[in-house]
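Here is what each chain is made of, one letter per residue.
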Amino acid sequence: MAMRPLWSLLLWEALLPIIVTGAQVLSKVGGSVLLVAARPPGFQVREAIWRSLWPSEELLATFFRGSLETLYHSRFLGRAQLHSNLSLELGPLESGDSGNFSVLMVDTRGKTWTQTLQLKVYDAVPRPVVQVFIAVGGDAQPPKTCQVFLSCWAPNISEITYSWRRETTMDFGMESHSLFTDGQVLSISLGPGDRGVAYSCIVSNPVSWDLATVTPWDSCLHEAAPGKASYKDVLLVAVPVSLLLMLVTLFSAWHWGPCSGKKKKDVHADRVGPETENPLVQDLP
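Criteria and thresholds
- Just so you know, the residues in each chain are numbered from 1, in the order the chain's sequence is written.
- Local features in a predicted model are, by the rule used here, given only for residues with pLDDT of at least 70; side-chain atom pairs are given and counted only at 80 or more, and totals for whole chains, interfaces and linings are based on all residues.
- Neither water nor hydrogens contribute to the side-chain values; these are computed over all heavy atoms in the structure.
- The predictor rates its confidence in each residue with pLDDT, a number between 0 and 100.
- Throughout, a contact is declared for two residues whenever any of their heavy atoms are within 4.5 Å.
- Pairing between two strands requires that DSSP report at least two bridges joining them.
- Secondary structure is summarised from DSSP: a helix means a run of H or I of at least four residues, a strand means a run of E of at least two, and numbering begins at the N terminus for each.
- Axis definition: a line fit to C-alpha positions, over the contact stretch in the case of helices; interaxial angles, taken between N-to-C directions, run 0 to 180 degrees.

Remarks on the confidence of the model for the protein
So, step 1. Scored by pLDDT, the protein comes out at a mean of 74, with 64% of its residues at no less than 70.
So, step 2. Low confidence marks residues 11-20, where pLDDT is under 50. Its contacts with residues over four positions away, or in another chain, come to 20 contacts.
So, step 3. In the model, residues 223-253 has pLDDT below 50 throughout and makes 25 contacts with residues more than four positions away in sequence or in other chains.

Comments concerning the sheet that holds strand E2 (residues 33-35)
So, step 1. Pairing is antiparallel in the open sheet, where three strands are placed in the order E2-E7-E6. With partners counted over all chains shown, the strands left at the sheet margins are E2 and strand E6 (80-82), one partner each. On average, each strand axis in the sheet is tilted by 20° relative to the strand beside it, whichever way the strands run.
So, step 2. When E2 meets strand E7 (residues 88-90), the two strands line up antiparallel, connected through three bridges. Note on E7: the bridge partner recorded for Leu-34 is Glu-89.

Considerations on the sheet that holds strand E16 (residues 208-214)
So, step 1. One open sheet accounts for three strands, arranged E12-E15-E16; its pairing is antiparallel. Edge positions in the sheet fall to strand E12 (161-166) and E16, since each of these pairs with one other strand and no more. The average undirected angle you get between the axes of adjacent strands in this sheet is 20°.
So, step 2. Looking at chain direction, strand E15 (residues 199-205) and E16 are connected through seven bridges and run antiparallel. From the neighbouring strand, Asn-205 faces E16, where its bridge partner is Ser-208.

Examining the environment of Gln-44
So, step 1. Within the secondary structure, Gln-44 is located in the loop between E2 and strand E3 (45-54).
So, step 2. Between the C-alpha atom of Gln-44 and that of Lys-111, which follows or precedes it by 67 residues, the distance is 9.8 Å.
So, step 3. Not counting residues up to four positions away in its chain, the partners in contact with Gln-44 are Val-106, Asp-107 and Thr-108.

Structure follows, in structure tokens:
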């Protein structure tokens, strides 16, 4: 493509009246996105130019004299394709591809139309991890009531939200529950009738979602299961171990501190004393 038509397009954009529209397009890392070049009815495109405006201004693709061109040295080199309807396809997308884009089109009468779009690229949400912490009410066996805390966690993904779902036909709103830390922790009270009831933590962002499901009553009965633990179990293990480590540290400090110096001094005296006294006694008349 010759440089003169390209400069002509940029000059038209600066000087002639332009109708500007805006839209937001969402996609995820590894996927592709189609930036649609919308135009008014009856607008017969003669020339067009796609550009990246932010975070850097780059030429991406052009349409001139019926020829589509995308061979420009930009960060999308090899990842951009201009279609016959003048929509621009980008992909596979990377985390740094978010930004503002524009398409400038000129019709056969010299009128211009500019469309601006904002692309936001998100990481796909990974499967969350759910842990079950329990506090059994009373000493009855099996427990009659069980206070459960379900903790849900996912890596630090932008704009992530947490929600919970009870996997039954019953209305979740009828059950006594509380949410903490922006929905990451769910507190519920269970009874023997909830033996087979499962709960799902759903994590999502604007372009993806995933979930993990647990059956908390199993932990109320102290049945071992991967990823589940009780506050009592944690305390029964952590507290004795901490005390043992503290005692070992104190004993080591006492044994290898002043006492070790004293012992070394006594050993030195024992070793030096007999060896230095015996020759003197032998030399006496």
